[in-house]
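Each chain, written out:
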Amino acid sequence: MPGPVALVGSGEFLPAMLEVDAGLLAATGRKRPRVVLLPTASWPDGEDVFRRWASMGTEHFGALGAEVEPVLVRDRFDADDPSHVQAIGEADLIYLSGGKPGHLTDALAASPVGAALVAAHQRGAVLAGCSAGAMTLAGRHWDLRGRRLFWPLRWRSGLGIVPGATVIPHYDAWPEALSALLVLQAPRGLPILGIDEETAAIGRDGSWQVQGRGRVTVWHGRNRERFRRGDIFRL
């Protein structure tokens, strides 16, 4: 049976997410879960930033009692590495941290590491993605066409762990009017999850529950629904 999926709006590896992440570890059913961290999305920001996310995740999940291994996939070349594929194959929880969603997709799509992620999900491992990581786990995600061209957006295929949906992370950090414009550009019939900062939507078998401090706003076309901590919804 496929494992749970956590789509996180922001706050990976910070104290605000300790309760949420402890729950994800418990969902593995392991006494000492094996966690793999993929800081790939942060690689365009430089080696120091990339390694800092790996270090933060190691400390965070180690404090929660997990065995942690950062898997340092920087780009598409690294995503061919058999040792990285093996590490993901042995993981109980795989966490994709934030950064640039376009780079993360370029690195993982149609790669052995990307295939290993899908296989891990199918065998029951927990998959979690924060910000860019959450965007890439969805069926589609938006991206900018260029550094200076914000509009119109480019829509790309993600890994499809959450098929037929897209994610707007950091939803409460910018005016909702901007999100509404993004919704209007989305492919027809695509549900959109706007996930507040330090908030997660955790799903399995099509059922989702909100955890963390904020809300999840679900758009179906021009209609929206809001869900708070503990609420359950379906897409």
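Look up: the structure comes first, before these words.
Quick caveat: nothing in here was measured; it's all calculated off a predicted structure.

### Section: unusual backbone geometry
Moving on, step 1. Positive phi, normally seen in glycine, also occurs at Phe-13, with a value near 70°.
Moving on, step 2. Residue position: Phe-13 is located in the loop between strand S1 (5-8) and helix H1 (18-27).
Moving on, step 3. In this structure Phe-13 comes out as buried when scored by relative accessible area, which is 7%.
Moving on, step 4. You will see that Glu-198, though not glycine, has its phi angle at about 55°, which is positive.
Moving on, step 5. The topology assignment puts Glu-198 in the loop between strand S9 (192-195) and strand S10 (199-204).

### Section: the sheet that holds strand S8 (residues 166-168)
Note on sheets: strands pair through backbone hydrogen bonds, and any given pair is parallel or antiparallel.
Moving on, step 1. With mixed pairing, the 4 strands of this open sheet are ordered in space as S8-S9-S12-S13. With one partner strand each, in any of the chains shown, S8 and strand S13 (223-227) form the two edges of the open sheet. Pairs of neighbouring strands in the sheet enclose a mean axial angle of 25°, with direction left out of account.
Moving on, step 2. Where S8 and S9 come together, 3 bridges link them in parallel fashion. Note that in S9 the partner of Thr-166 across the bridge is Ile-192.
Moving on, step 3. Sheet contacts for helix H7 (residues 176-185): S8, S9, strand S12 (216-220) and S13; angle to S12, the most-contacted strand, approximately 35°.

### Here's the deal with the pattern of salt bridges
Moving on, step 1. In the structure shown here, the tally under the stated rule is 16 salt bridges.
Moving on, step 2. In this structure, the salt-bridge partner of Arg-74 is Glu-47, at a minimum N-O distance of 2.9 Å. A residue pair is termed long-range when its members are at least 10 positions apart, and Arg-74 in the loop between strand S3 (67-70) and helix H3 (82-89) and Glu-47 in helix H2 (residues 47-63) qualify at 27 residues.
Moving on, step 3. Under the relative-accessibility criterion, Arg-74 is labelled buried at 18%.

### A short note on the side chain of His-103
Moving on, step 1. Secondary-structure assignment places His-103 in helix H4 (residues 101-108).
Moving on, step 2. Contacts of His-103, omitting those with residues within four sequence positions, involve Thr-40, Ala-41, Trp-43, Pro-44, Arg-74 and Asp-75.

### Thoughts on the pairing of S1
Moving on, step 1. Alternating residues of S1 divide into Val-5 and Leu-7 and Ala-6 and Val-8, and every residue in both groups is buried.
Moving on, step 2. Two elements, S1 and strand S5 (residues 126-130), share 4 bridges in a ladder whose sense is parallel. Counted as the bridge partner of Leu-7 is Gly-129 from S5.
Moving on, step 3. As paired elements, S1 and S10 share 4 bridges and run antiparallel to each other. Across the sheet, Val-8 pairs through a bridge with Ala-200, a residue of S10.

### Side note on H2
Moving on, step 1. In a regular helix each residue adds 1.5 Å, so 17 residues correspond to 24 Å; H2 covers 24 Å between its end C-alpha atoms and thus fits that length.
Moving on, step 2. Restricting attention to buried positions, one finds in H2 the residues Val-49, Phe-50, Ala-54, Gly-57, His-60 and Phe-61. The arc that holds every buried residue of H2, seen down its axis, measures 140°, which confines them to one face. Across H2 from its buried face, at more than 90 degrees, point the exposed residues Asp-48, Glu-59 and Ala-63.
Moving on, step 3. Where H2 is buried, its residues meet H1, strand S2 (34-38), S3 and strand S4 (93-96).
Moving on, step 4. Gly-65 occupies a position one or two residues after H2 and carries a positive phi of about 95°.

The rules behind each value
- Residues numbered from 1 in each chain as written.
- Predicted model: local features only at pLDDT ≥ 70, side-chain atom pairs only at ≥ 80, totals over all residues.
- Heavy atoms only, no water.
- Helix = DSSP H or I, 4+ residues; strand = E, 2+ residues; numbered from the N terminus.
- Buried < 20%, exposed > 50% of the residue type's maximum accessible area, 1.4 Å probe, protein only.
- Pairing = 2+ DSSP bridges.
- Axes fitted to C-alpha atoms, helices over the stretch in contact; angles between N-to-C directions.
- Contact = heavy atoms within 4.5 Å.
- Salt bridge = Lys/Arg side-chain N within 4 Å of Asp/Glu carboxyl O.
- Expected span 1.5 Å × (residues − 1).
- Arc of directions from axis to C-beta.

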